[in-house]
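Below, each chain spelled out in residue letters.
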Amino acid sequence: MIFHVEAYQQALPLKSVFRIARGAKTQADVVVVTLTADTDNAQLVGWAESVPYGRYNETVESVKQEINQFAQSLSAFDGDLAQLSDKIQALPGGSARNALDCAWWDLKAKIEQKSVADLLSLSTPSPCITAQTLSIDTPEAMAAAAKALGHPPLIKVKLDNQDIVPKMQAIHQASPDSQFIVDANEGWSIHDLKACGDSLKALNVILIEQPLPADKDAELIDYSCPVPLCADESCHTRKELTYLKGRYDAVNIKLDKTGGLTEAHALAQEAQAMGFEIMLGCMVGSSLAMAPISLLSDCAKFVDLDGPLLIKTDRENGFDIEQGLMQPLNNALWGSPNSQIIL
């Protein structure tokens, strides 16, 4: 079977400035990959989207270069789908492998005429609650943004180490019936965490995501936080799970960290077996970037796949998210024999 790969850079403008502890942006810079197979009967194409992330020393150009190098290697490749998967999995984890792996799954669905959910023996996802994200701002602005969401069941709050409790108090007052995930993006110290834990629990915070820098995880040993802790930047693949035990209660699985759905699926299974709660997360991207990971939603306690709500214009056939309720993947977008490539 003959395969071809192409990579496209796309800039997706955001509805407003998105601020986290390590910076701000006004657009999502993504890479879209198409993977084409010339079969005996037809030319079939799978596609996927990844989001290069500077925290992991990635840029759009570096990811495109890695994908293009892989594409060149296919000129001497003569194999089937399984052998192509082995070749993709041999790449280092990250955004490039994510796009290639997820495009491979979309292509496999078309070649084998089965959905990716069926190929992985996953149950058909049900509608689920996804967190909706507030970026860092003043307490007043964050409270106004929370109120504008219309009291959704779950809000994710980006916070650096400035005015942690006052900001959460303002947000909680604006949306008192919501539950909250606080995401520090490595921006706190152990002192910050210990100082605010009890207060955050009293304000309906049910999870704190990556409070400390990844290289400071040892400071969490023997600390019993009033709110469960979730590893994000500290958890990429199954390799970190043993290290994370005793430090975190949950792991945030993101495709751009795992390097695709293949590892994400394996990570979810092993993490559950080790007693971790599962969170599904995303970088800021379109529904195409969310599509593969959404298939794992039934195994997750926390879902944070609101990226499409942050961009001005989502892709056709994107996710329907209303009042925090996320409907299952539209088969026309990705992962089925009938998914459509619309660049």
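Residues numbered from 1 in each chain as written. Predicted model: local features only at pLDDT ≥ 70, side-chain atom pairs only at ≥ 80, totals over all residues. Heavy atoms only, no water.

Caption draft 1: Structural context of the packing of helix H3 (residues 95-112) against helix H10 (residues 261-273). Contact geometry for H3 and H10: axes closest at 8 Å, N-to-C directions at 90°. The orientation of H3 relative to H10 falls into the category roughly perpendicular. Contacts from Arg97, Asp101, Cys102 and Trp105 in H3 reach Leu261, Thr262 and Glu263 in H10. (Axes fitted to C-alpha atoms, helices over the stretch in contact; angles between N-to-C directions. Helix = DSSP H or I, 4+ residues; strand = E, 2+ residues; numbered from the N terminus. Parallel < 35°, antiparallel > 145°, perpendicular 65-115°, else oblique. Contact = heavy atoms within 4.5 Å.)

Caption draft 2: Geometry of the packing of helix H5 (residues 139-148) against helix H6 (residues 164-174). Two elements in contact, H5 and H6, have axes whose closest approach is 8 Å; the angle formed by their N-to-C orientations is 30°. It follows that H5 is roughly parallel to H6 by the angle criterion. H5 and H6 meet at a crossing whose hand is right-handed. Contacts from Pro139, Met142, Ala143, Ala146 and Lys147 of H5 reach H6 at Pro166, Lys167, Ala170, Ile171 and Ala174. Broken down by class, the residue content of the contact of H5 with H6 amounts to 8 nonpolar, no polar and 2 charged. (Left-handed = near helix turned anticlockwise from the far one by under 90°. Nonpolar A, V, L, I, M, F, W, Y, C, P; charged D, E, K, R; others polar.)

Caption draft 3: Highlighting the sheet that holds strand E11 (residues 277-280). On the basis of which strands lie adjacent, the open sheet formed by 8 strands has the order E5-E6-E7-E8-E9-E10-E11-E12 and parallel pairing. Both outer strands of the open sheet, strand E5 (132-134) and strand E12 (302-303), are each paired with one neighbouring strand and no more. In the sheet, strand E10 (residues 250-253) pairs with E11 via 4 bridges, with the strands oriented parallel. By the bridge assignment for E11, Ile253 is matched with Leu280. (Pairing = 2+ DSSP bridges.)

Caption draft 4: Structural view of the pairing of strand E8 (residues 205-209). Counting buried positions along E8 yields 4 of 5 residues, so the element is predominantly enclosed. As defined by bridge partners, strand E7 (residues 179-183) adjoins E8 across 4 bridges and the pair is classed as parallel. In the strand pairing of E8, Val182 is matched with Ile208. Crossover E7 to E8 through helix H7 (residues 190-202) is right-handed. Two elements, E8 and strand E9 (residues 229-231), share 2 bridges in a ladder whose sense is parallel. (Buried < 20%, exposed > 50% of the residue type's maximum accessible area, 1.4 Å probe, protein only. Right-handed = clockwise from strand over helix to strand, strands pointing away.)

Caption draft 5: View of unusual backbone geometry. The backbone phi angle of His151 is positive, close to 60°, even though this residue is not glycine. Note on placement: His151 falls in the loop between H5 and strand E6 (154-158). With a phi close to 40°, Gln210 is a non-glycine residue in the positive phi region.

Caption draft 6: Examining the packing of aromatic side chains more closely. Under the criterion given, the structure shown has 3 aromatic pairs. Seen in terms of ring centroids, Trp104 and Trp105 are 4.8 Å apart; in terms of plane orientation they differ by 85°. Their pairing is edge-to-face. The exposure class of Trp104 is buried, given its relative accessible area of 5%. In this structure Trp105 comes out as buried when scored by relative accessible area, which is 8%. (Phe/Tyr/Trp six-rings, centres within 6.5 Å; stacked < 30°, edge-to-face > 60°.)

Caption draft 7: Region of the structure containing the environment of Leu310. Mapping Leu310 onto the fold places it in helix H12 (residues 307-310). Classification of Leu310 as buried rests on a relative accessible area of 17%. Residues Leu310 and Thr262 lie 48 residues apart in sequence; the distance between their C-alpha atoms is 26 Å. The contacts of Leu310, once residues within four sequence positions are left out, are Leu14, Lys15, Phe18, Thr133 and Val284.

Caption draft 8: How the structure looks around the side chain of Arg97. Within the secondary structure layout, Arg97 lies in helix H3. An unpaired buried charge is present at Arg97: no salt bridge exists, and Glu263, the closest side chain of opposite charge, is 5.1 Å distant. Separated by 2.6 Å, the side chain of Arg97 and the backbone oxygen of Thr258 make a polar contact. Residues contacting Arg97, with those up to four places away along its chain left out, are Ile88, Gln89, Leu91, Pro92, Thr258, Gly259 and Glu263. (Lys, Arg positive; Asp, Glu negative; His and termini not counted. Salt bridge = Lys/Arg side-chain N within 4 Å of Asp/Glu carboxyl O. Polar contact = N/O pair within 3.5 Å; in protein donor to acceptor, adjacent residues only side chain to side chain.)

Caption draft 9: Focus on H6. Burial within H6 is extensive, with 8 of its 11 residues counted as buried. Listing the buried residues of H6 in full gives Ile164, Val165, Lys167, Met168, Ala170, Ile171, His172 and Ala174. Each element contacted by the buried residues of H6 is listed here: E5, H5, E6, E7, H7 and E8.

Caption draft 10: Structural detail: the UniProt feature "domain: Mandelate racemase/muconate lactonizing enzyme C-terminal" (unreviewed entry) in the protein chain. Per the UniProt annotation, the sites labelled "domain: Mandelate racemase/muconate lactonizing enzyme C-terminal" (unreviewed entry) are residues 139-230. Annotated as residues 139-230, this span is 37% helix and 18% strand, and its ends, taken at the C-alpha atoms, are 24 Å apart. (UniProt positions renumbered as here; feature names shortened; annotations may be inferred.)

Caption draft 11: Highlighting the environment of Val284. Here Val284 lies in the loop between E11 and helix H11 (287-294). Through-space distance from the C-alpha of Val284 to that of Leu244 is 25 Å; in sequence the pair is 40 residues apart. Ignoring anything within four residues of it in the chain, the contact list for Val284 reads Leu14, Phe18, Lys25, Ala28, Val30, Val51, Leu310 and Ile311.

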